[in-house]
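For reference, the chains in residue letters:
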Amino acid sequence: MPRIFVPETLTLTQLVVFPAAEPPPYTELYEALQKQLQAGDAKNAQKVAETLYTVAKASNAPYLAALAQLYIADLIRHRHSHALAQLQQANALFYNDSRAIARYHEALGYYLQGLIHCAQNNVAQLSATFGRARQLLNQLQDRWQHYGKPTFPFQDLIRWIDDLTNLSIFTPNSRSLNIVPSYEFNAEKTLDFRGGTALGDIEIALPRS
């Protein structure tokens, strides 16, 4: 199955928008979750995300519960069916919220579903879920300016989704692919994201000692 190396800028840590005005139990749990993720502690991050989900569910805060489910699903992506169930539940909650920010997080839910289907080499499902994510993101670009939020990497995410879709479908022997982000130096000598590219497995022969 393809191996996907998601660029740091297009991970949930960078993409999710957590409401700033929530009461302390939620903001404290979210900050703890970010801390664990930045430390690379997936096990404890999952525990915090599950606690956030439980607290939000008990307090009748479905939107926050859905955000927690995005994180849980991302952390258990290797457990494909369990992760997909979390994402489907989260997207059902986002769908019932008419705000632009909910459409954005719904798009992220479809994006994560697409990553799972891509890893499984499930062409029909990755096309459907990535396609829905792309559709929502395209619709949001104009509305986002009026939402009063900072600029988000819509074009980068759309480009990444398109490349994942095309590389998975049209590359021969896609089961042995490594799909990695590619970058290019700009005039300011900083790196610009240019999308995804496919690499085959590389064997390295070490000299005998």
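Quick note: structure is the one above.
Residues numbered from 1 in each chain as written. Predicted model: local features only at pLDDT ≥ 70, side-chain atom pairs only at ≥ 80, totals over all residues. Heavy atoms only, no water.

Engineer: I'd like to hear about the environment of Glu 28, residue by residue, with values.
Structural biologist: Within the secondary structure, Glu 28 is located in helix α2 (residues 24–38). Residues Glu 28 and Leu 52 lie 24 residues apart in sequence; the distance between their C-alpha atoms is 9.5 Å. (Helix = DSSP H or I, 4+ residues; strand = E, 2+ residues; numbered from the N terminus.)

Engineer: Quick rundown of the pattern of salt bridges? Include the residues and the values.
Structural biologist: Within the structure shown, the criterion is met by seven salt bridges. A cluster of three or more residues bridged by salt bridges with shared partners is formed by Glu 184, Asp 192 and Arg 194. (Salt bridge = Lys/Arg side-chain N within 4 Å of Asp/Glu carboxyl O.)

Engineer: Tell me about the packing of helix α4 (residues 62–75) against helix α6 (residues 100–119), residues and numbers included.
Structural biologist: Two elements in contact, α4 and α6, have axes separated by 11 Å at closest approach and are oriented at 20 degrees. Between α4 and α6, the interaxial angle falls into the category roughly parallel. Our pair here, α4 against α6, has a crossing hand that is left-handed. Each of Tyr 63, Leu 67, Leu 70 and Asp 74 in α4 lies in contact with α6, whose residues at this interface are Ile 101, Ala 102, His 105, Leu 108, Gly 109 and Leu 112. Here the contact of α4 with α6 is built from residues that sort into seven nonpolar, two polar and one charged. (Axes fitted to C-alpha atoms, helices over the stretch in contact; angles between N-to-C directions. Parallel < 35°, antiparallel > 145°, perpendicular 65-115°, else oblique. Left-handed = near helix turned anticlockwise from the far one by under 90°. Contact = heavy atoms within 4.5 Å. Nonpolar A, V, L, I, M, F, W, Y, C, P; charged D, E, K, R; others polar.)

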